[in-house]
Amino acid sequence: MERRSLIAATAGAVALGTLAQVPAEATPGHGGRGGAPLTTFNVISDIQGDLGDLAVALKDMRATNPHSSGLAVAGDITPRGYDAEYAEVRKVFGRNPHPREIAWAIGNHEFYVPKWADPDTLAQASWPNGTTEDSLFRSFYKFAERGRVYAETTFGGIPVLTIGTERYMHYHDPKLWDEVWLSEAQFRWLEDRLAYWARRRRPVMVITHHPLPNTVSGTRNKLYMSDYLQSDRLLGLLGRYRDVFLFSGHTHWDLGLSDWYVRRVVPGTANLDGFAVINTGAVQTGFTDNGQGGENAVDGAFNQGLQVEVHRDHVVVRARDFASGTWLKQITVPLASRI
């Protein structure tokens, strides 16, 4: 089964193509190329019950980006997926300032209730302990206030698409656990929305929990090479569009790593510039490569996320350390189409 799920729970496909050369990182500073952005928003992921750090992150984002048009949360909202855990997250948001518009993506930790006989008793041997797959999705839908996994919203006029698994695969195949499965309906919807916004010359922000193989930090590690059951199809779809920005979490890998941002080129898509892929870091616990095909926890306080600034002809993505209140780095990405 998945690599650190038991630890986290107790506490509360062959890749396509190559990586394009990443533009040089700018010295952190507002706007990258100067001038006021059209809109700014924030991205975090992997809260997993770390509500204290979530509150710190929300306060820091309000201080650094008081006019943020939205917040994307790239999955692992809860440690296990209990309704009471969703309610605790909602309480933290209720007590702290945050953007009105929030895009919630589903993560693998939203499916961990079946590992427990009750909230205090881990019982993986008797999985699923009477929990139905449908009930897990209903809990997410109730929290996110929608009726399906995938959704579209806008942050300051910029389209934001959230995607994610529509099956928890261990219910369907005993050899699988957290692998991502997208329905034909979700693929058709994503294809339609990407084409729609491309015709309108808008960059598209895609939010997903699991990273695609051979992209950002950790995804050439054996732990994260097979998260998607249909990775080739998803890469082939996203790879058509130069102005797609894919934000993924799940790995918790440190945003200080050099491959926190990459451009992924997918052969056969006629897009030789690829599309942008950005690691979201994590609110709860950081990891990095151990040099042996696994990972080590990052020492000290860890609480990271992103601020995104959209300009008429470029996008600036800035990595933030919420724990220390400092900028880690930033990248300026030119747009193929001027807004």
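Turning our attention to the side chain of Glu 179. With respect to the secondary-structure elements, Glu 179 resides in the loop between β8 (158–162) and α5 (184–199). No salt bridge is formed by the buried Glu 179, whose closest oppositely charged neighbour, Lys 175, lies at an N-O distance of 10 Å. Here the side chain of Glu 179 touches Trp 177 through a polar contact of 2.7 Å, landing on its backbone nitrogen. Other than its neighbours up to four places away in sequence, Glu 179 contacts Thr 165, Arg 167, Met 169, Ser 226, Asp 227 and Leu 229.

Our next topic: unusual backbone geometry. Among all residues except glycine, the phi angle is most often negative; among peptide bonds, the trans geometry is most common. Backbone torsion omega between Trp 127 and Pro 128 reads 10°, so that peptide bond is classified as cis. By the secondary structure assignment, Pro 128 is in the loop between β6 (121–122) and α4 (133–144). At Asp 46, a residue that is not glycine, the phi angle is positive and equals roughly 55°. On the secondary structure map, Asp 46 appears in the loop between β2 (39–44) and α2 (51–64). Relative accessible area serves as the criterion here: at 0%, Asp 46 is assigned to the buried category. A positive phi angle is found at Gln 48, which is not glycine, with a value near 50°. By the element assignment, Gln 48 lies in the loop between β2 and α2.

Right, let's get into the environment of Lys 115. Within the secondary structure layout, Lys 115 lies in the loop between β4 (102–105) and β5 (116–118). Since its relative accessible area comes to 1%, Lys 115 is described here as buried. With 10 residues separating them in the primary sequence, Lys 115 and Ala 125 have C-alpha atoms 8.0 Å apart.

Scoring rules and cut-offs
Residues numbered from 1 in each chain as written. Predicted model: local features only at pLDDT ≥ 70, side-chain atom pairs only at ≥ 80, totals over all residues. Heavy atoms only, no water. Helix = DSSP H or I, 4+ residues; strand = E, 2+ residues; numbered from the N terminus. Buried < 20%, exposed > 50% of the residue type's maximum accessible area, 1.4 Å probe, protein only. Lys, Arg positive; Asp, Glu negative; His and termini not counted. Salt bridge = Lys/Arg side-chain N within 4 Å of Asp/Glu carboxyl O. Polar contact = N/O pair within 3.5 Å; in protein donor to acceptor, adjacent residues only side chain to side chain. Contact = heavy atoms within 4.5 Å.

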